[in-house]
Structure formats: structure tokens, C-alpha cells
Amino acid sequence: MMERTERVEQVERDEQDTIIATRNLSRTYTMGKMQMTALNRVTLDVRRGEFAAIMGKSGSGKSTLLHQLGLLDTPTEGEIVIDEVEISGLSESEKTIFRLEKFGYVFQEYAILPEMTALENVYLPAMALGLSREEYVTKGMDALEKVGLAERADHRPREMSGGEQQRVAIARALINKPKILFADEPTANLDSASSRQILELFRALNRDIGQTILMVTHELEDADIVDRVIWLADGEVVDREG
Amino acid sequence: MTSTTTELKVSAFLAYKFIAKGNRGTTLLTILIMALAFVNLMFTTSVFDGMGDATENQVIDTLYSNIVIEPKDEEIYINNPDSVVKKIINVPGVIGTSAQYVTGATIAYKEKSGAWNIRAVDPDDERMVSLVPDMMIEGEYLSKYDRREIIIGKEIAGGHGGSLEHTSLGGVVVGDTVEVAFTNGVRREYRVKGIFDTNFFQSNHLAYITKKEMESVLGIHDMASQILVKTDTKGDEGRFLNQFVELGVHEDIKPWPVYAGIVATLTKSFDALNALTGAIGFFVAGVTIFIVIYVSTVSKRRQMGILRAIGIKESIIVRSYIFQAVFYAVCGCIAGLVIMFAILVPHFIKHPMVFPMGNVTLLIEQKAAITRSAGLIISAAIAGFLPSWRAVRETILDAIWGD
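First things first, this report covers the structure right here in the doc. What you see is a predicted model; the values in this text were computed from it and never measured.

Calculation notes
Residues numbered from 1 in each chain as written. Chains lettered and ligands numbered in written order. Predicted model: local features only at pLDDT ≥ 70, side-chain atom pairs only at ≥ 80, totals over all residues. Heavy atoms only, no water. Helix = DSSP H or I, 4+ residues; strand = E, 2+ residues; numbered from the N terminus. Rg over C-alpha atoms; globule rule 2.2 N^0.38 Å. Buried < 20%, exposed > 50% of the residue type's maximum accessible area, 1.4 Å probe, protein only. Contact = heavy atoms within 4.5 Å. Areas by Shrake-Rupley, 256 points an atom, 1.4 Å probe, with all protein chains shown as cover. Lys, Arg positive; Asp, Glu negative; His and termini not counted. Charge placed at Lys NZ, Arg CZ, Asp CG, Glu CD. Buried area = accessible area lost by both parts, 1.4 Å probe. Salt bridge = Lys/Arg side-chain N within 4 Å of Asp/Glu carboxyl O. Polar contact = N/O pair within 3.5 Å; in protein donor to acceptor, adjacent residues only side chain to side chain. 1 Å grid on protein atoms, 1.4 Å probe; cavity = no way out; pocket = protein on both sides within 12 Å on 5 of 7 lines; lining within 4 Å. Points joined across faces, edges and corners; volume = space filled by probe spheres on them. Nonpolar A, V, L, I, M, F, W, Y, C, P; charged D, E, K, R; others polar. Arc of directions from axis to C-beta.

A few points about the overall build of chain B
The helix and strand tally for chain B stands at 12 helices and 14 strands. Against the 2.2 N^0.38 benchmark of 22 Å for 403 residues, chain B shows a C-alpha radius of gyration of 31 Å, more extended than a compact globule. Expressed as lengths along the three principal axes of its C-alpha atoms, the size of chain B is roughly 100 × 50 × 30 Å. The proportion of buried residues among the 403 residues of chain B is 51%. The long-range fraction of contacts in chain B, counting pairs at least 24 apart against all pairs at least 6 apart in sequence, stands at 76%. Counting every atom, chain B has about 18100 Å² of accessible surface; 59% of that belongs to carbon and sulfur. On chain B, the mean spot of the 37 positive side-chain charges and the mean spot of the 41 negative ones are 13 Å from each other.

Following this line, the structure appears as C-alpha cells:
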């Protein structure tokens, strides 16, 4: 009886620790008369504070999975629970607010606005949350400090290197203290030195503030820096790369 | 901060950044296009308003002055017009009066003749209410004691490029003698003392003799067919009418628009033309802004996708494009007004357009400028809304990574 109670408590602890849970998640695209399955009944859990990589060959469904979990796309079937919220019950506008409050994104392309300075790019999501100017500027500077670009706050993207622009994008992703940071091949356009810097920054954020990070990458050596690799092949989770 | 205030603030911030830090050449070009769209909307209206204003001024300056006092319906003449004039001449705002006879007559010169109206005036009084004395192109105006002398409009004289040359006397010059047959059967010969040109075909069909001369023709004394009253402002003649009645004027008192049927006809036609050209102008301006914003949204499609991905609401993005379009339109209206007031209005003052109602310059009415500005801004807001709303309808993935 005692043994059973401990098991139940362990399961409950595990459930509380789980920030992302998917059950039988599928995404099928219709192209003319063809049906193409990009994800097939994917079931996985990601724990709070975990730094996980999604890896697999090109076309294996890595980005598609990240888009479903990041609420950028809607799955054809299956269930996603994020931070104890069942996502299929959310309207589009609720998903937008959910993304603003709980997620941070870093894209392969730097994806920052060329018309704004580094600081303005970073504080935009905080401004959209309704913070006062003093609050969002302070938080923006803190975020830039974290990525080592405080002295570049007033520079515009065209005055910065690719690696610096990606770090601005990371600072923007961090400003609202997101529950999950999604990164879609964040180093694909960077040289090896800048790539290393970005990955070390992710590692430090994960280690120092317990940031949950889910990153799509096709670089095998990135597996060494993450806690766990979720391998995908033909839209399904597999034990190792096939 | 309320969510609406926050959304407005973020929309304004995005719009400001896109305009201020975007491509300066594109911004200036867009504003120039808006300015030209505004000028296009305003120009035709200003010409029509200028024509209406010119016609009104001609009616006042060369035909009826501001107010006309006429005999009551059953009467032919106003008895003792001086007593009427004495009642009103000291009313503040009344500048001058001219009691006069008006009668039809046939004027003949050599083999040609025609029927025109002859006005008989006191030349000194007439100078207070009419600009005709200043518009002599040949000879000179009447003097108080002139007898058997007449001045005629260029449409009667002929030979001065009038619009109805074939009905004129065919080229009368100063010094010629014309024969005038009055409606009471009296025929008299008159020496042409002067020929005038008001640039207005209606007043160019008039002839003038002195009041004393007409009284000798009609065999009456101290009467008048009408009294013209000049006031210091145009457009508020109504305020004098009650005052005149209170001062004991029992005749019919009418403001100039009652006689300006031509103005009403022109205004009605111009309003219809204005509405048509305005509708087309708004449509063209709207399509122009739509294209400008559409090109902008297409080029910023990925950026809009990223903004949505990071949690910026669609409504904030759409509103930022509406703000941009409204900004372009407001700047366009201001630039358009500058073009109108600094270039076009001075140009047409220097080189007026010549129409049958006189020289026409552009008249920019405040009401027209406000309604057209408002129309252009609303068109811009709609044209800013449609393409951005359409752009945020597509999925985030299509916006960021689509073709």
C-alpha cells in the first residue's frame, strides 16, 4: 500500500513537472489530391527546465512539430497540453495572448524589425503586455544585458552582425519571462563562432534561470549541449536517428 | 493601462517606426501622391466655386448691388424714393443707395436694332452701388446733368468681341447717334457717350441714361422703379431686411440672390459635377493608397507573420497600417493645401480663367477643404485597413515562410 502511494505521488510530481505534453499528435497537409503526413501520432512530454533538441533528417517533421507546440499551426488530430492548458480549447485570439505571455521564439532568420533599435525590438512584446515605459525599458535593458548586448541597445539591425541580431532576437524572446523558449534552427545562418556563442547562451539561460528550451537543429554536435534529444523520422518519434 | 490603450499605443509605435525609420524616399513619394490626389479633388471644386463666386460678385457689382427695394406688387413705381433712402442710409453697414428707373426700349443704329433694358440713374449715386462706371472701355460715364446722352454695354454696341455679336448694333462707337424708342411711344436720339464692358454678359446688355432724362421721357418726377442698396459685406443681407421694415420701409425688399437665378442654376450644375468628380477623385485616391499600402504589406508580409508569432495581436498590426495610411493622407492634405495656396491660387490670380461670367480664379472654400480632407483621410483609412486585414488573415506559417 505504501509502495503504491509513493508511485502515485511520483506520477503527480511528474505531471506537475511536465510543461508540454502531446498525445497522438498528427499533422496532415493536403496538396491537391495528395495527403502528406508530416507528423504521425506523436506522443511526448517535455519537463519544466528541460533543454531539449528536436533532431532528425530533413523532412522528418522537426519544424512541423515545433510549430504545433509553439501554436503557430493547428494539428489535424491529437492533443497538446501546455502549462496545464488544453490548447485545442483556445480561440485564435486566446492563442495570440498565450504566445505573448508564455512563449518566446527565436527563428532561423534573425526576424527582428529593421526599423527599430535593438532595445525597441526587445521591449516590443513587453509593451504589448501593457507595462509602463519605465518597466519595459528596464526589462528590455535587462534582457539585452543577459545576451551581452547592453552597449548595443541603440543600434539598428543593419549595424549589427548576424550573431548579434540573433542575440537581440533571443533577448526579445526572453523579455516576458516565457515559460518556454522555442528556437527553430537558431544557428543555421551563423558562422561557427557565433553558433557556439548562441548555444552557450541557451545553455547558460537553462542552467542559471531554469529556462525551458525546445530547439530544432540539424547539427549533430548540438546533441552534446542539450539535456535530451527528441529524434524524429518520417513524422514519428523514434529512439535514435534512423 | 487598459488593453485598448495598450493596443493603440503599440499600433502608434509600430506605425511611427515604419514611417520614421522606413524608406524615406517611399514615404515622400507616398505623401506626394496623396498631395496630388488632394489637389485633384480640390482643383475642380475650386474652379466651380470660383465661377460661382465670380458670378455672384458680378450680379452684385454690375446688376443688383446687395439689396433691391421694389414697389409693392400693385404699384409700378416707388413714390418719393428719397424718403425711403433717408430711412435706411444711416443704418450701419449701408454704404450707398441708387434710386433708378428701369424700362424696356428699342435701340436702333443704322439698319440694326434690338430690344434692351435701359436704366436711368443718378451717376453720383450709381458710383456708390455699382462698378459699371469703372468699366468703360470707350468714352466716359454719365454726368449728373447729361441729356440726350447714353452709355451702352459692349453686347449692345457690337464690335468688341461680345458673345452675341449678331444681335448687337453691329459696331457703334463713341460719338455715334442711336435712336431709342421707349415703351410709351417716345422716340429720341442719343449720342453714345461711352461703352462699357463688365466681363459679364448680362450686365453688358444694359444701357444707361440719366434719371433726369428719363423723367422727361416718362413725364414723371421723383419716382423710381427700384432702389439698389450697397452693404459692406456679402452674404448677410438678411440682417438688413428686418431693420429696413422696422424703419418704416413698406416696399418689397429683396436680397440679391432672389435675382440671381443664373447663380442658382450654375451652382446646381456645379454641385452635380462636383459630386461626380469628387466621387471619382475619392475612388482614385482610395485605390492609390490601397496600392501603396498593399505593396507595403506584401513587402512586410514576413514581418507581420513574425509580429503575430511573438504575440502581437492582429488588430494592433492592422491598426498600425491604418495609422500609417492616415498619416500619409493627413500629410498629403497639408502638402496639397500648400500646393494650392502657394502655387495654384497665385498663378490663377495672375492668369485668371476667362468665362462669360467674368474672370475666374480658384476659390478654396473652408467647407470644401474640410470635407475633401476628411473624405481623403477616410478613404486612406479604408485603403489601409483592407490589405493589412487581408494580410493578417493568412496563417502565420504562410506569412513567414510562404511563397
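Next comes the rest of the write-up.
A closer look at the interface of chain B and chain A
Contact with chain B, which involves 26 residues of that partner, is made by 29 residues of chain A. Summed over both partners, the interface of chain B with chain A buries about 2500 Å², with 69% contributed by carbon and sulfur atoms. Taken together, chain B and chain A are joined by three salt bridges. The closest approach of N and O atoms between Lys17(B) and Glu120(A), which form a salt bridge, is 2.8 Å. Summed over the shared surface of chain B and chain A, the number is six residue pairs in polar contact (both at pLDDT 80 or more). Only α1 (3–20), α9 (301–309) and α12 (396–401) of chain B provide two or more residues apiece to the side of chain B that touches chain A. Here the side of chain B that touches chain A takes seven residues from α1(B), the largest share from any one element.

Observations regarding empty space enclosed by the protein
Tallied over the entire structure, the rule returns two cavities of 30 Å³ or more. Leu100(A), Phe103(A), Gly104(A), Tyr105(A), Pro125(A), Arg172(A), Ala173(A), Ile175(A), Asn176(A) and Ile310(B) together form the lining of the largest cavity. Listed by contribution, the elements that provide at least two residues to the lining of the largest cavity are β6 (103–106) and α6 (162–174) of chain A. Grouping the constituent residues of the lining of the largest cavity by class yields seven nonpolar, two polar and one charged. If you add up the space inside the second largest cavity, you get close to 40 Å³. What lines the second largest cavity is simply Leu66(A), His67(A), Leu72(A), Tyr105(A), Val106(A), Phe107(A), Phe182(A), Ala183(A) and Asp184(A). Elements supplying a minimum of two residues to the lining of the second largest cavity: α2 (62–69), β6 and β7 (180–184) of chain A.

Structural notes on helix α3 (residues 81–88) of chain B
Residues Pro81(B), Val84(B), Val85(B) and Ile88(B) constitute the buried set of α3(B). Buried residues of α3(B), viewed axially, fall in a sector of 100°; they line one side.

Examining the pattern of salt bridges
What the rule picks out here adds up to 34 salt bridges over all chains. The residue Arg302(B) makes a salt bridge to Glu109(A) at a minimum N-O spacing of 3.2 Å. Of this pair, Arg302(B) sits in helix α9 while Glu109(A) sits in the loop between β6 and α4 (118–128), on two different chains. Between Glu149(B) and Arg191(B) there is a salt bridge; the shortest N-O distance is 2.5 Å. Here Arg191(B) lies in strand β8 (residues 187–196) and Glu149(B) lies in strand β6 (residues 149–153), a separation of 42 residues in the sequence.

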